[in-house]
Amino acid sequence: MRMITEPAREVPVVAETEVLVLGGGPAGIAAATAAARTGAETMLLERYGFLGGMGTAAMVTNFCGLHASINGSVQQIVHGVADDILDRLAHLDGLRAPHVVTSADGLKTGAQAYDTAAYKVATDELLLSAGVDVRFHTFAVDAVVADGRIEAVLIETKSGRAAITAEMFIDCSGDADLAAWAGAPFEKGGSDGFMAYPTMMFRIADVDSDLAMAEGVPNLKALIAEGNASGKYTLPRKAGIIRPQPHESEWRANLTQISRDGAPVDGSDWADLGFAEVEGRRQAVEYYKFLKEMVPGFSNSYMLELAPQIGIRETRRIVGSYQLTGDDVLSCRDFDDSIGCSGWPLETHVLGDVKWQFLAGRGYHQIPFSTTLPTSVDNLLVAGRCASTTQEGQASLRVSGPCFAMGQAAGTAAAMARQSGETPAALDVAALQKQLETDGAFIGDKGV
Ligand SMILES: Cc1cc2nc3c(=O)[nH]c(=O)nc-3n(C[C@H](O)[C@H](O)[C@H](O)COP(=O)(O)OP(=O)(O)OC[C@H]3O[C@@H](n4cnc5c(N)ncnc54)[C@H](O)[C@@H]3O)c2cc1C
């Protein structure tokens, strides 16, 4: 490839803060709120003009992983900052009651739908009330690193390039952008290059919800097969999710699956992202046509909205001091350094389908603090879908509930480490756990 040399230039330091959070998805929302509440001057950088991450930008509109089936009874197990978000969403009339999700063999968990508009407003209010300095329209592009510590994040804005310095950094970019720039080890995909397939979400208005629930949802898989067999539609994913939103006649559709001739699309690759947007919109139109023409309850509906961006489930995962595995999830494993819990199944987006493996027994596992600790950068924590997991572990830990839990822990730890002058890795984990419990988090009960 032909190269040119960019002239060296001085960059203004436009802000200095104590804790800098990159990314405003579930992990970043919880991290920034917790860091500020724990007493640190906190700034959050977000490339878009709103918070929520995939929850708003990719229109996920449904919280998974907040609930678990504890010995058969579905209960909320992620609390703390997540409770504040749920309360604010309910106050804005943007939250549906939780619904039970059941596996083919009768195992259960829960999920809960929300409105994107309410989520944007609720999280603005939450972060501002916690005292977080939220900087929208800020694209982080690189880091200045010296002696294993990040000194500054470089940003591009409409006002030009600039730098922001901080004492502690938390990477909640979903793609481990900051960790990668800082030289922390990471993996991307499996050994065969596989990454979970992306989805273009869409929402539908004026659905006959009773009919769709009674006859559409239970027959969806068979109807997709019938639609494909008819030759009238090309529907690459043979099973999907259609569910009502907080306001009954509005539904979301998690149906599309984006690949290049079957190969995974890389959500951290510029060209792949552009391809996926167009292919995602094309598929969404095809699936919507199928819903309207073939699925009971959708005949008088219209497509309300396509997600602003393609939904990316998986890109880089850091290799931290411990990688949470699929076996840890399925065996409901406990950890001495637990900072939260999750009971979401392994949800693996394979070619043409989604494979589910639910947790049996107690129904949830603990999340170790070590999943947020990269091995080679002293003042960095990483939370969310790019935390330290194996690819299998990420198929569960990436959903919103555990991202809130990891984010709250990373934010609290960053503020505590800054106060004590330690690195996050050297922090007294018992003190961190005590603080998290004081702040309402559920970090697990080994007796349950
Ligand atoms: C189609 C789809 C359906 C899903 N369904 C569900 C579901 O029903 N329930 C559920 O709980 N989860 C679901 N998930 C998973 C879940 O939404 C995500 O894994 C979760 O949002 C991850 O949270 P995060 O905070 O780690 O990252 P993200 O949500 O990806 O947030 C990262 C944030 O960082 C910002 N950012 C990234 N890089 C930069 C940069 N360089 N500079 C500035 N800002 C940056 C992004 O704009 C974004 O706001 C789904 C995911 C997809 C894609």
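Residues numbered from 1 in each chain as written. Predicted model: local features only at pLDDT ≥ 70, side-chain atom pairs only at ≥ 80, totals over all residues. Heavy atoms only, no water.

**Student:** Hey, could you run me through the environment of M1 in this one?
**Tutor:** In this structure, M1 sits in the segment before β1 (13-16). Taking the C-alpha atoms as reference, M1 lies 44 Å from L127; in sequence the two are 126 residues apart. (Helix = DSSP H or I, 4+ residues; strand = E, 2+ residues; numbered from the N terminus.)

**Student:** Can you walk me through the site of the ligand in this structure?
**Tutor:** The environment of the ligand is formed by 34 residues, the closest being E46, R47, N62, R398 and S400. At a separation of 2.8 Å, an oxygen atom of the ligand approaches a polar backbone atom of C64. When the ligand sits alone it has 990 Å² of accessible area, and the protein chains cover 98% of it. Only α1 (26-37), β4 (62-64), β10 (139-146) and α11 (400-420) provide two or more residues apiece to the shell around the ligand. With three residues, β4 is the single largest residue contributor to the shell around the ligand. (Near = heavy atom within 4 Å. Polar contact = N/O pair within 3.5 Å; in protein donor to acceptor, adjacent residues only side chain to side chain. Areas by Shrake-Rupley, 256 points an atom, 1.4 Å probe, with all protein chains shown as cover.)

**Student:** Quick question: what am I supposed to make of unusual backbone geometry here?
**Tutor:** Leaving glycine out, the prevailing phi sign among residues is negative, and the prevailing peptide bond configuration is trans. One non-glycine residue, M59, lies in positive phi territory at about 55°. Here M59 lies in the loop between α2 (54-57) and β4. Assessed through its relative accessible area of 1%, M59 is described here as buried. With phi around 50°, D261 is a residue other than glycine that occupies positive phi space. You can see D261 is positioned in the loop between β18 (259-260) and β19 (263-264). (Buried < 20%, exposed > 50% of the residue type's maximum accessible area, 1.4 Å probe, protein only.)

**Student:** Would you mind showing me how to read the packing of aromatic side chains here?
**Tutor:** By convention here, two paired aromatic rings are described through the distance between centres and the angle between planes. Following the criterion strictly, the structure yields 12 aromatic pairs and no others. Ring centres of Y364 and F442 lie 5.7 Å apart, and the angle between their planes is 70°; on these two criteria the pair is classed as edge-to-face. Taken together, the positions of Y364 in the loop between β24 (353-357) and β25 (365-368) and F442 in the segment after α12 (429-438) put the pair 78 residues apart, joining distant regions of the chain. Members of the aromatic cluster, connected to one another through ring pairs, are F63, Y114, Y119 and F404. Across the ring face of F186, the terminal group of R316 is positioned such that the distance to the ring centre comes to 5.4 Å. (Phe/Tyr/Trp six-rings, centres within 6.5 Å; stacked < 30°, edge-to-face > 60°. Lys NZ or Arg CZ within 6 Å of the ring centre and 35° of its normal.)

**Student:** Looking at this model, I keep getting lost on the side chain of D328. Mind explaining?
**Tutor:** Tracing the backbone shows D328 in helix α9 (residues 326-330). By relative accessible area, which is 3% here, D328 ends up buried. Contact partners of D328, with chain neighbours within four places excluded, come to Y322, Q323, R333, F335 and H365. (Contact = heavy atoms within 4.5 Å.)

**Student:** I would appreciate a short explanation of α11 in the present structure.
**Tutor:** At 3.6 residues per turn, the α-helix brings residues three or four places apart onto the same side. For α11, built from 21 residues, the straight-helix expectation of 30 Å at 1.5 Å per residue is met to within 8% by its first-to-last C-alpha distance of 30 Å. Across the 21 residues of α11, 18 count as buried, placing the element largely inside the fold. Trailing α11 by a residue or two, G421 shows a phi angle of about 75°, which is positive. (Expected span 1.5 Å × (residues − 1).)

**Student:** Explain the sheet that holds strand β8 (residues 108-113) here, please?
**Tutor:** Backbone hydrogen bonds are what pair the strands of a sheet, in a parallel or an antiparallel way. What the three strands build is an open sheet, ordered β4-β8-β7; its pairing is antiparallel. Since the sheet does not close on itself, it has two edges, and those belong to β4 and β7 (99-102), each with one partner. Ignoring strand direction, the axes of neighbouring strands in this sheet form an average angle of 35°. Pairing geometry for β7 and β8, over four bridges, is antiparallel. When the bridges of β8 are listed, T102 appears paired with K108. (Pairing = 2+ DSSP bridges. Axes fitted to C-alpha atoms, helices over the stretch in contact; angles between N-to-C directions.)

**Student:** Would you mind going over the pattern of salt bridges with me for this structure?
**Tutor:** Taken as a whole and assessed by the stated rule, the structure comprises 23 salt bridges. Of the charged contacts, one joins E156 and R161 as a salt bridge, the two residues approaching to 2.8 Å between their closest N and O atoms. In this structure E156 comes out as partly exposed when scored by relative accessible area, which is 30%. The partner of E277 in a salt bridge is R281, and the shortest N-O contact between them spans 4.0 Å. Here E277 and its partner R281 are both found in helix α8 (residues 270-294), four residues apart, which amounts to about one turn of the helix. According to the relative accessible area criterion, E277 is buried, its value standing at 16%. Residue classification places R281 among the partly exposed residues on the basis of a relative accessible area of 36%. One connected set of salt bridges, linked through shared partners, spans E6, R9, E156 and R161. (Salt bridge = Lys/Arg side-chain N within 4 Å of Asp/Glu carboxyl O.)

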